[in-house]
Amino acid sequence: MAFSGKNPTCTLLFLLSLSLLALHTLLHHPRRPLPSLSAAAFLSSASNSTVAAYLRHLTLRPHLAGTPLSLSAALFVHSHFLSLGLAARIANFSALLSYPSHSSLSAHFGNGSAAEIPLSDAGGVVPPYHAYSPSGAAYGAAVFLNFGRERDYAALAAQGVGVRGCVGLLRRGGGLSRHEAVANAAARGVAAVLMFTEGGFKEGVERGTVMEGVGDPLTPGWAGGERLEADDPRVAGRFPGVPSMPVSEAAAERILGSLDRARLPSAWRESFKSGDRRCWGVGPGPTMLNFTYKGEQTMATIHNVFAVIRGSEEADRYVLLGNHRDAWTYGAVDPNSGTAALLDIARRFALLVRSGWSPRRTIVLCSWDAEEFGMIGSTEWVEQNLLNLGSKAVAYFNVDCAVQGPGLFVSATPQLDDLLVEVTKQVKDPDSENAYVYERWAAANGGVNQIQRLSRVDSDFAPFLQHAGIASIDMYFGIDFPVYHTAFDSYDWMVNFGDPLFHRHVTVTGIWGLVALRLADDPILPFNYLSYSAELQEYKNALNALMGESISLDPLAAAIEDFTAAANEADGEIKKLRADGPALLRRRALNDRLMLAERGFLDPEGLPGREWFKHLVYGPRGDPESEIEFFPGVSGKRKGGDEEAKIRHEIWRVSRAIRRAASALRGGLT
């Protein structure tokens, strides 16, 4: 990083303001690390009203991927980048998307009355639907399936409740994706599925995708060119076997309140979010449901937008910041709170550039499309650029729903833990005076490590980490919000409930930007693999407690010991290089090893049954009800019979991956 002093007067005023900021920090927070010149300048250029204006513009109209209004949103982001003087471009992809044509639902109650069940939550937006649901019609007894987990069907069977041929009602959650919940129902003979979300706006309807996996279903593992046919088993197998639709909580309550209550499992009653819902019935019947859904799958053009700030010393090393832009409706929270933050980061970086700053490494701002359909825009781009990303990408920092409510939530690969802690000690907390984010964050979690991991598959970090092996972060304020994927996710909701003064937006932007500056400007990458080794040791201990003595974890223990030794060696080398001063070639070689070590956890064969996912430490579980959220190849197996041999094989695969990462960290040949 350097300031060239292109405008001496501006530069002098700029440096004076930073000196005053540093003095204030030193006087009032003497133990807090001083930000660098570029970091202090970035923090000082925050503007709540500017972020609010960006969000207001982005949410004026709905912008579902593949529609003309989605293209308008892409052009707005692109023109914003260009107006700041940044190099910008749009990368288009064709992908198979899914839209609704017609849907209807009527209930025929046991007392002889009948009623049409409303399916829409507002006009002017896409009607509520499940993307990639097959078309179909069903007439059958209504039955409540709870979350649709294996244990839920077991509880129904124990009560003598049959579900075959019924129209099932599911509540969202229980650790299952929409696809898993509908697929479980189809496997048990349920004719059609209705899905609702508890605890939201009662009239709101949560849209979403029921496709399994990520990316364009016609190009699994590659971007563009060759396309599979829609009836190819590799395509059709990613969609559920029965139709499904989302409904509002109010509609679900009306149906559930009319069902037979005698056999409702007692454990379900205790899990309801409201006591008055314990009067819900389970069925089947006496209410009958008449269900119709017709959708169409069509090729559509999606638009990824990029801005690039070229590095001055290591232009071929990339720090990537990403957010998706497409929304089911207006998208004030999901995703455009993050889009507004990304636009503001671009503005504030452009101010730094005008003051003479340039990053050591290249920064790429990424605005993805079609995330809501299954991370399609980011996945296609990662597949298209896999070789260059694998050899040149430093890290990827994802922000999807930047602001949902109070409280910071961060997930990351462990080598980035220390960096996140350091940065959150430099950014003011949005919900308290004279406190920094880290203080509130640590207090809320009892002082324990509050950083979560990235095994889930619910945003654009998935292709970067779980397919390409790039160190990643995902961050947001607020654990959930009641208007998720509904027509009520609007600017009005944000200013009335989510973040009225846009303080949280500014905080997210501050953390996001400072982490990017450290990754782009630090002479030695701020990675600490001792955190990773400690995490792996915890995973081994937890796995040992679950497996008992029947399965040996000796290969895993030995691999983690080797990785820990390599992490200690790297830590020592980092400290020595910092003490010795400039040594460009040695520093470059060390940074490459720090960058590439994460790739060691990849296996070209991928996870069993989920081969696109290559990461053997973090990835989607084969068994969604497994207690294990790490080593996903192991979590998909259960003890007993032939499965134990498969578990041993997966343990060996993980062990080899950990040794590969250790070898990459050392950098030498065996």
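Look above for the structure.
Just so it is clear, the structure is predicted and the values come from calculations on it, not from any experiment. (Residues numbered from 1 in each chain as written. Predicted model: local features only at pLDDT ≥ 70, side-chain atom pairs only at ≥ 80, totals over all residues. Heavy atoms only, no water.)

Draft legend 1. Representation of the overall build of the protein in the model. What the protein contains, in helices and strands, is 22 helices and 16 strands. Its C-alpha radius of gyration of 26 Å places the protein within 12% of the 26 Å reference for a compact globule of 670 residues. By its C-alpha atoms, the protein is 85 × 60 × 50 Å across when sized along the principal axes. In the protein, which comprises 670 residues, the share counted as buried stands at 57%. (Helix = DSSP H or I, 4+ residues; strand = E, 2+ residues; numbered from the N terminus. Rg over C-alpha atoms; globule rule 2.2 N^0.38 Å. Buried < 20%, exposed > 50% of the residue type's maximum accessible area, 1.4 Å probe, protein only.)

Draft legend 2. Broad picture of the nonpolar core. One finds Leu97, Leu105, Phe144, Leu194, Phe373, Leu536 and Phe631 to be the most contacted residues of the largest nonpolar core, which totals 203 residues. Setting aside chain neighbours within four positions, we find Phe631 in contact with Leu536, Tyr539, Leu543, Leu556, Leu616, Val617 and Val654. (Core = buried A, V, L, I, M, F, W, Y, C linked by side-chain atoms within 4.5 Å. Contact = heavy atoms within 4.5 Å.)

Draft legend 3. How the structure looks around helix H16 (residues 491-498). Among all positions in H16, only Tyr491, Trp493, Met494 and Gly498 are buried. Projection of H16 onto a plane perpendicular to its axis shows the buried side chains occupying an angular sector of 155°, all on one side. Looking at the packing, one finds that the buried side of H16 touches helix H3 (48-58), helix H10 (336-354) and helix H17 (503-521). (Arc of directions from axis to C-beta.)

Draft legend 4. Expanded view of the pairing of strand E16 (residues 472-477). Burial runs high along E16: six of the six residues are buried. Both faces of E16 are covered, namely the face carrying Ser472, Asp474 and Tyr476 and the face carrying Ile473, Met475 and Phe477. Alignment of strand E14 (residues 393-398) against E16, held across three bridges, turns out to be parallel. Among the inter-strand pairings, Asn398 is bridged to a residue of E16, identified as Asp474. Pairing of strand E15 (residues 408-412) with E16, which is carried by five bridges, proceeds in the antiparallel orientation. Residue pairing across strands places Ser411 opposite Asp474, the latter belonging to E16. (Pairing = 2+ DSSP bridges.)

Draft legend 5. Looking closely at the pattern of salt bridges. With the rule as written, the count across this model stands at 36 salt bridges. With a closest N to O distance of 2.9 Å, Glu206 and Arg178 form a salt bridge. Residue Glu206 is found in the loop between strand E7 (192-196) and strand E8 (208-209), and its partner Arg178 is found in helix H6 (residues 178-187); the two are separated by 28 residues along the sequence. Just as Glu206 is buried, Arg178 falls in that class too. We note a salt bridge from Asp316 to Arg317, for which the minimum N-O separation is 3.4 Å. Of the residues examined, Arg317 reaches a relative accessible area of 8% and is grouped as buried. Each of Glu314, Asp316, Arg317, Arg361, Arg588 and Asp592 takes part in salt bridges that share partners, so that together they form one network. (Salt bridge = Lys/Arg side-chain N within 4 Å of Asp/Glu carboxyl O.)

Draft legend 6. Just the side chain of His485, in detail. Structurally, the position occupied by His485 is in the loop between E16 and H16. Engagement of the side chain of His485 in a polar contact is seen with the side chain of Tyr484, the distance being 3.4 Å. (Polar contact = N/O pair within 3.5 Å; in protein donor to acceptor, adjacent residues only side chain to side chain.)

Draft legend 7. View of the packing of helix H2 (residues 37-44) against H17. Between H2 and H17, the least distance of the axes is 10 Å, while the angle of their chain directions is 160°. As summarised for this structure, H2 and H17 are arranged roughly antiparallel, according to the angle between their axes. Here H2 and H17 pass one another in a crossing that is right-handed. Mapping the contact onto sequence places Ser38, Ala39, Phe42 and Leu43 in H2 and Thr509, Gly510, Gly513, Leu514, Leu517 and Asp521 in H17. Considered class by class, the residues forming the contact of H2 with H17 number five nonpolar, four polar and one charged. (Axes fitted to C-alpha atoms, helices over the stretch in contact; angles between N-to-C directions. Parallel < 35°, antiparallel > 145°, perpendicular 65-115°, else oblique. Left-handed = near helix turned anticlockwise from the far one by under 90°. Nonpolar A, V, L, I, M, F, W, Y, C, P; charged D, E, K, R; others polar.)

Draft legend 8. Quick peek at the packing of aromatic side chains. A complete count under the given rule lists 36 aromatic pairs for this structure. Here Tyr438 and Trp441 contribute two aromatic rings whose centre-to-centre distance is 6.4 Å and whose plane-to-plane angle is 90°, an arrangement assigned as edge-to-face. In this pair, Tyr438 and Trp441 both sit in helix H14 (residues 437-444), three residues apart, roughly one turn of the helix. Through successive ring pairs, a cluster of aromatic residues spans Phe527, Tyr529, Tyr532, Tyr539, Phe563, Phe601, Tyr618, Phe630 and Phe631. Here the basic side chain of Arg348 rests over the ring of Phe42, its NZ or CZ set 4.1 Å away from the ring centre. (Phe/Tyr/Trp six-rings, centres within 6.5 Å; stacked < 30°, edge-to-face > 60°. Lys NZ or Arg CZ within 6 Å of the ring centre and 35° of its normal.)

Draft legend 9. Inspection of the packing of helix H13 (residues 417-424) against H17 at higher detail. Where H13 contacts H17, the two axes come as close as 10 Å, and the packing angle between them is 125°. Considered as vectors, H13 and H17 are oriented oblique to each other. The handedness of the crossing between H13 and H17 comes out as right-handed. Here H13 contributes Leu419, Leu420, Glu422, Val423 and Thr424 to the contact with H17, which in turn contributes Ile511, Leu514, Val515, Arg518 and Leu519.

Draft legend 10. The arrangement of a nonpolar patch on the surface in detail. On the surface, a cluster of nonpolar side chains totalling about 220 Å² of accessible area is made up of Leu71, Leu75 and Ile90. Turning to its location among the elements, Ile90 is positioned in strand E2 (residues 87-108). Ile90 sits in the partly exposed class, given a relative accessible area of 31%. (Patch = residues over 30% accessible without salt bridge, like charges linked within 9 Å, V, L, I, M, F, W, Y side chains within 5 Å. Areas by Shrake-Rupley, 256 points an atom, 1.4 Å probe, with all protein chains shown as cover.)

Draft legend 11. Here's a closer look at H3. The set of residues buried in H3 consists of Val51, Ala52, Tyr54, Leu55 and Leu58. Angularly, the buried residues of H3 cover 160° about the axis, an arc narrow enough to put them on a single face. At its buried positions, H3 is contacted by helix H4 (68-83), H10, H16 and H17.

Draft legend 12. Summary view of the pairing of strand E6 (residues 167-171). Among the five residues in E6, five count as buried, and that is most of the element. For strand E5 (residues 136-144) and E6, the ladder comprises three bridges, and the chain directions are parallel. When the bridges of E6 are listed, Val143 appears paired with Gly168. Taken together, the five bridges between E6 and E7 define a ladder with parallel strand orientation. What sits directly across from Val167, in E7, is Ala192. Following the chain from E6 across H6 to the adjacent parallel E7, one finds a crossover that is right-handed. (Right-handed = clockwise from strand over helix to strand, strands pointing away.)

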